[in-house]
Amino acid sequence: MIDAASRGWTDRVEHRDIVVNEVPGFRPLTLDLVVPVAAPQPAPVLVWIHGGAWMFGSPKHPADWLMQADPFTAAIRTGFAVASAQYRLSGEAPFPAQLDDVTAAVRWLRRHGDTVGVDRERIGVWGESAGGHLASMVALTGNDQDDSGVRAAVCWYAPSNLLTMQAQAHPSGTIDHEAADSPESRLIGAPLAGNPEAGRAASPITYVTDQAPPMLLIHGDQDLVVPVGQSEELAAALTAAGADVELSVVRGADHCFAGVPLEPLIRDSLAFFTRVLAPDAGAPPR
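Rules used in this analysis
Residues numbered from 1 in each chain as written. Predicted model: local features only at pLDDT ≥ 70, side-chain atom pairs only at ≥ 80, totals over all residues. Heavy atoms only, no water. Helix = DSSP H or I, 4+ residues; strand = E, 2+ residues; numbered from the N terminus. Rg over C-alpha atoms; globule rule 2.2 N^0.38 Å. Buried < 20%, exposed > 50% of the residue type's maximum accessible area, 1.4 Å probe, protein only. Contact = heavy atoms within 4.5 Å. Lys, Arg positive; Asp, Glu negative; His and termini not counted. Charge placed at Lys NZ, Arg CZ, Asp CG, Glu CD. Salt bridge = Lys/Arg side-chain N within 4 Å of Asp/Glu carboxyl O. Pairing = 2+ DSSP bridges. Axes fitted to C-alpha atoms, helices over the stretch in contact; angles between N-to-C directions. Phe/Tyr/Trp six-rings, centres within 6.5 Å; stacked < 30°, edge-to-face > 60°. Expected span 1.5 Å × (residues − 1). Arc of directions from axis to C-beta. Left-handed = near helix turned anticlockwise from the far one by under 90°. Nonpolar A, V, L, I, M, F, W, Y, C, P; charged D, E, K, R; others polar.

## Section: the overall build of the chain
Working step 1: In terms of regular secondary structure, the chain is built from nine helices and eight strands.
Working step 2: Relative to the 2.2 N^0.38 estimate, which gives 19 Å for 286 residues, the radius of gyration of the chain is 18 Å and therefore close to what a compact globule would have.
Working step 3: Over its C-alpha atoms, taken along the principal directions, the chain stretches across nearly 50 × 45 × 40 Å.
Working step 4: Per-residue burial over the chain gives 53% buried out of 286 residues.
Working step 5: Contacts in the chain between residues at least 24 apart in sequence constitute 74% of all its contacts with a sequence separation of at least 6.
Working step 6: Side chains of the chain give 19 positive and 34 negative charges; the mean places of these two sets differ by 5 Å.

Structural data, given as structure tokens:
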């Protein structure tokens, strides 16, 4: 545990470098957890999953554009604990390593959360871009039998079907999603164009059922990196399955919500979590 007051914070307790999984031949995988002091204990917890095309990024160093609005402090002030999950990047290991790592973080919280002041039964996942993809995957593949189930997910501009990304690409986009060196190909460890089964296995839409937890998908209609059609396609599949899903298409927003204020989208995300993770909201069967 870190003395948060020594870092200038008086509203939170920090737990750093909690080991959630040890993969042979790789460094221990960790999560960092921040628990609000003022919130009733145990606090619901949001697992934040960073973006970066599965190739870049770290939970230790959130992007500058994100921290200008600081969704983590907003979450803490709303009464949520925040866990920042680490996962192996695509240059370190191909899919499903990334999903395995984030799932390990969820399992640790489900099994040990009461030791650090969080509610093991009220866990949401929240991610942007590649992190949104992994949040979707956790939400759609988790289950309570092996302690990997979550109660809710918020996915910002996330890939949902790797096999349709190129066809949906914005006319001004510059990424060939099926190229051998594309983020998607690097994720599955082989050219996407010649490996549809691997692409399907790494696509959240493959795992849609009526057992999905409530999900909020937010996507800019001018996204030049991940087509807005990705969130539209996933929302349609979830709706057809009878799952609880909300889709918010942000007019004028590019990737990372460039071009629009971020603060209202953070408020919308936290309002969704507040509603679906309320103590009396109930949990969908998993």
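## A short note on the pattern of salt bridges
Working step 1: Using the criterion set out here, one finds 14 salt bridges in the structure.
Working step 2: For Asp147, the salt bridge goes to Arg110, with nearest N and O atoms at 4.0 Å. Taken together, the residues span a long stretch of sequence, with Asp147 in the loop between helix 4 (130–141) and strand 6 (152–156) and Arg110 in helix 3 (residues 97–112) at a distance of 37 residues.
Working step 3: Arg110 gets classed as buried once you look at its relative accessible area, which sits at 9%.
Working step 4: The closest approach of N and O atoms between Arg200 and Glu197, which form a salt bridge, is 2.5 Å. A residue pair is termed a helical-turn pair when its members lie 3 or 4 positions apart in one helix, as Arg200 and Glu197 do in helix 7 (residues 196–201) at three residues.

## Some points on the side chain of Ser185
Working step 1: You can see Ser185 is positioned in helix 6 (residues 183–188).
Working step 2: Filtering out sequence-adjacent residues up to four positions away, Ser185 remains in contact with His177, Glu178, Ala179, Ala180, Ala190, Pro191 and Leu192.

## A closer look at the sheet that holds strand 8 (residues 245–250)
Working step 1: Pairing within the open sheet is mixed, and its eight strands lie in the order 1-2-4-3-5-6-7-8. Only two strands of the sheet have a single neighbouring strand rather than two, namely strand 1 (12–21) and strand 8. Within this sheet the neighbouring strands show an average axis-to-axis angle of 20°, counted without direction.
Working step 2: When strand 5 (residues 118–128) meets strand 6, the two strands line up parallel, connected through five bridges. Opposite Trp126, over in strand 6, you have Val154 as the bridge partner.
Working step 3: Against the sheet, helix 2 (residues 71–78) engages strand 1, strand 2 (29–36), strand 3 (43–49), strand 4 (81–85) and strand 5, with an angle of about 145° to strand 4.
Working step 4: Contacts from helix 3 reach strand 1, strand 2, strand 3, strand 4 and strand 5, with the element oriented near 160° to strand 5.

## Remarks on the packing of aromatic side chains
Between two aromatic rings, the relevant description is the distance of the centres plus the angle of the planes.
Working step 1: Applying the stated rule across the entire model yields nine aromatic pairs.
Working step 2: Judged by centre distance (5.4 Å) and plane angle (85°), the rings of Trp48 and Trp126 are edge-to-face. Linking Trp48 in strand 3 with Trp126 in strand 5, this pair joins segments that are 78 residues apart in sequence.
Working step 3: Taken together, a centroid distance of 5.2 Å and an interplanar angle of 70° make the contact between Trp156 and Phe257 edge-to-face. Placement of Trp156 in strand 6 and of Phe257 in the loop between strand 8 and helix 9 (263–276) is noted, with a sequence separation of 101 residues between them. For the pair Trp156 and Phe257, a shared accessibility class is recorded, and that class is buried.

## Points about helix 9
Working step 1: Relative to the 20 Å expected for 14 residues at 1.5 Å per residue, helix 9 spans 20 Å between its end C-alpha atoms, a close match to the ideal helical length.
Working step 2: What helix 9 keeps buried is the set Leu265, Ile266, Ser269, Leu270, Phe272, Phe273 and Val276. All buried residues of helix 9 fall inside an arc of 155° around its axis, so they share one side.
Working step 3: Residues of helix 9 that are buried sit in contact with strand 3, helix 2, strand 5, strand 6, strand 7 (215–220) and strand 8.

## Regarding the pairing of strand 2
On a regular strand, each side chain points to the face opposite its neighbour's, so the side chains alternate between the two faces of the sheet.
Working step 1: Most of strand 2 sits out of view: eight of its eight residues are buried.
Working step 2: Both faces of strand 2 are covered, namely the face carrying Leu29, Leu31, Leu33 and Val35 and the face carrying Thr30, Asp32, Val34 and Pro36.
Working step 3: Sheet topology note: the strand 1/strand 2 ladder contains seven bridges and is antiparallel. Bridge pairing in strand 2 places Val13 opposite Val35.
Working step 4: Two elements, strand 2 and strand 4, share four bridges in a ladder whose sense is antiparallel. Bridge pairing links Leu31 to Ala85 in strand 4.

## Some details on the packing of helix 2 against helix 9
Working step 1: Across the interface, helix 2 lies against helix 9 with an axial gap of 10 Å and an inter-helix angle of 35°. Crossing handedness for the pair helix 2 and helix 9: right-handed. The residues of helix 9 that touch helix 2, namely those facing Pro71, Ala74, Ala75 and Thr78, are Ile266, Leu270 and Thr274.
Working step 2: Per-class residue counts for the contact of helix 2 with helix 9 are five nonpolar, two polar and no charged.

Everything listed here is a matter of coordinates, which is why it stays silent on function.
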